[in-house]
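Chains, contacts and geometry: an overview
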Amino acid sequence: MIRFDFTGQRVVVTGGTRGIGRAITEAFLQAGAKVTATYSGNEAAAAAFKAGLPAAQAEWLSLAKFDVGSYAAAEAFFRSLEQ
């Protein structure tokens, strides 16, 4: 199996708390990345996902709620990452 090392890298996964996005988020966390997983509405699912991670991975995960279909919301999100 191929192993990737994303230690020290920052990753944004849209829709990163459920389904395929969740699997991608988990893979990046396992590879050492700091991940921001975005979601649009299901706060309970997002919180449950983070709570279910091992502590070492949960500390590298941040959650962001916004609608990726809104240009203004996406722009505000990425500006916040720059700071």
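The sections below set out a description of the structure shown in this document.

Calculation rules
- Note on numbering: residues in each chain are counted from 1, in written sequence order.
- Per-residue local features are limited, in this predicted model, to residues with pLDDT of at least 70; the limit for side-chain atom pairs, both in listing and counting, is 80 or more; totals at the level of whole chains, interfaces and linings are taken over all residues.
- Water and hydrogen atoms play no part in the side-chain values, which are based on all heavy atoms of the structure.
- Two strands pair if DSSP finds at least two bridges between them.
- Put simply, DSSP H or I for four residues or longer makes a helix, DSSP E for two residues or longer makes a strand, and each gets a number counted from the N terminus.
- Convention adopted: a line fitted to C-alpha atoms gives each axis, helices being fitted over their contacting stretch, and angles between N-to-C directions are expressed from 0 to 180 degrees.
- By definition in these notes, contact holds between two residues if any of their heavy atoms fall within 4.5 Å.
- The cut-offs for exposure are 20% and 50% of the maximum accessible area for each residue type, with area from a 1.4 Å probe on protein chains only; residues under the lower value are buried, those over the upper are exposed, and the others partly exposed.

**Quick word on the sheet that holds strand β1 (residues 10-13)**
Strand order in the open sheet formed by 3 strands is β1-β2-β3, with parallel pairing between adjacent strands. Every interior strand has two partners, whereas the edge strands, β1 and β3 (61-65), have only one. Each neighbouring strand pair of the sheet contributes to a mean axis angle of 20 degrees, computed without reference to strand direction. Bridge count between strand β2 (residues 34-39) and β3: 5 bridges; the pairing is parallel. Paired with Tyr39 across the strands is Lys65, a residue of β3. Where helix α1 (residues 19-30) meets the sheet, its contacts fall on β1, β2 and β3, and the angle it forms with β1 comes to roughly 170 degrees. Of the strands in this sheet, β2 and β3 touch helix α2 (residues 43-51), which is tilted by about 175 degrees from β3.

**Comments concerning the environment of Glu26**
Examined against the element boundaries, Glu26 turns out to sit in helix α1. Judged by its relative accessible area of 25%, Glu26 is partly exposed. Counting along the chain gives 23 residues from Glu26 to Phe49, while the straight-line C-alpha distance between them is 9.9 Å. Filtering out sequence-adjacent residues up to four positions away, Glu26 remains in contact with Phe49 and Leu53.

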